[in-house]
Amino acid sequence: FTRQVHGSLNPTEVAYVVANEGRRLIGCDRVSVGIRHGRKTTIEAVSGADVVEKASTHIRRMRDLFDAVIQWGEKLVFRGERDETLPPKVLEALDAYLAEQTPKLLVLVPIRDEREKPKEGSKEPPKPVRSAVLMEVFDPPEATGPLEQKLEVIAAHSATALYNAAEMKRVPLKPLWWPLMK
């Protein structure tokens, strides 16, 4: 899995490997990957889908959920019951997403690469993470712990690849020198 994830520097290709291979390794119904470019998150891949239709209501609501959780900076776990302790923006985005889809288990994990962490002794607040992974299960088993642990492992192994791909997209004048590099 790790070798496949690091096989490209294209964010969409990396995200598709994470989504499709991650779904297979976790054993869940759907895995989605979002990468933050600037202020907004782009849903780069949804497992089992050849193309992510960015204008669809489902993807827009998913993007809003990714944005809210990335700004919050914590892992979101939904097990079929509403949690009033969540931040208002996260709760609002989750409710809107659940109006579209009805997973019984939803886990959204923001992924922070080592290079994104603030330096020790720095007084700056940490920047929002660049990417996140969403796992959905529509008929979860009684014990969901193993699924969540597998998602954490997939997220940890894909953090560096997603960070590298996002950084490569930001390189200036890439269209000029990319053909030479290939």
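Residues numbered from 1 in each chain as written. Predicted model: local features only at pLDDT ≥ 70, side-chain atom pairs only at ≥ 80, totals over all residues. Heavy atoms only, no water.

Caption draft 1: Structural view of the overall build of the protein chain. In terms of helices and strands, the protein chain carries six helices and five strands. In sequence order, the protein chain lays out its α and β elements as α-α-β-β-α-β-α-β-β-α-α. Whereas a compact globule of 182 residues would reach a radius of gyration of roughly 16 Å, the protein chain reaches 16 Å, a difference of no more than 12%. With respect to the principal axes defined by its C-alpha atoms, the protein chain has extents near 50 × 40 × 30 Å. Expressed as a percentage of the 182 residues in the protein chain, the buried residues total 42%. If you take every contact in the protein chain between residues at least 6 apart in sequence, the share linking residues at least 24 apart comes to 65%. Carbon and sulfur atoms form 51% of the exposed surface of the protein chain, whose accessible area is close to 10400 Å². (Helix = DSSP H or I, 4+ residues; strand = E, 2+ residues; numbered from the N terminus. Rg over C-alpha atoms; globule rule 2.2 N^0.38 Å. Buried < 20%, exposed > 50% of the residue type's maximum accessible area, 1.4 Å probe, protein only. Contact = heavy atoms within 4.5 Å. Areas by Shrake-Rupley, 256 points an atom, 1.4 Å probe, with all protein chains shown as cover.)

Caption draft 2: Structural context of the packing of helix α3 (residues 57-72) against helix α4 (residues 88-100). The interhelical angle for the contact between α3 and α4, taken along N-to-C directions, is 155 degrees, at an axis separation of 9 Å. Here α3 is positioned roughly antiparallel relative to α4, judged by the angle of their axes. The handedness of the crossing between α3 and α4 is left-handed. Side by side, α3 and α4 meet where T57, H58, R61, M62, D64, L65, A68, V69 and W72 of the first sit next to K89, V90, A93, L94, A96, Y97 and E100 of the second. (Axes fitted to C-alpha atoms, helices over the stretch in contact; angles between N-to-C directions. Parallel < 35°, antiparallel > 145°, perpendicular 65-115°, else oblique. Left-handed = near helix turned anticlockwise from the far one by under 90°.)

Caption draft 3: Just helix α5 (residues 145-169), in detail. Taking 1.5 Å per residue, 25 residues should reach 36 Å; α5 reaches 35 Å between its end C-alpha atoms and fits that length. Largest kink in α5: about 40 degrees, centred on S158. (Expected span 1.5 Å × (residues − 1). Bend = angle between axes of the 7 residues up to and from the residue.)

Caption draft 4: Examining the pairing of strand β1 (residues 30-37) more closely. In terms of burial, β1 is largely enclosed, as seven of its eight residues are buried. In the sheet, β1 pairs with strand β5 (residues 131-137) via six bridges, with the strands oriented antiparallel. Along β5, the bridge assignment pairs V33 with V133. Of the strand pairs in this sheet, β1 and strand β2 (residues 40-46) are connected by six bridges, and their pairing is antiparallel. (Pairing = 2+ DSSP bridges.)

Caption draft 5: Representation of the nonpolar core within the structure. By size, the foremost hydrophobic cluster in this structure holds 52 residues, and its most contacted members are I26, L65, L76, L94, L106, L108 and M135. Top element by residues in this core is α5. It accounts for nine residues. With residues up to four places along the chain from it excluded, the contact list for L76 reads L65, V69, L86, V90, L94, L106, V107 and L108. (Core = buried A, V, L, I, M, F, W, Y, C linked by side-chain atoms within 4.5 Å.)

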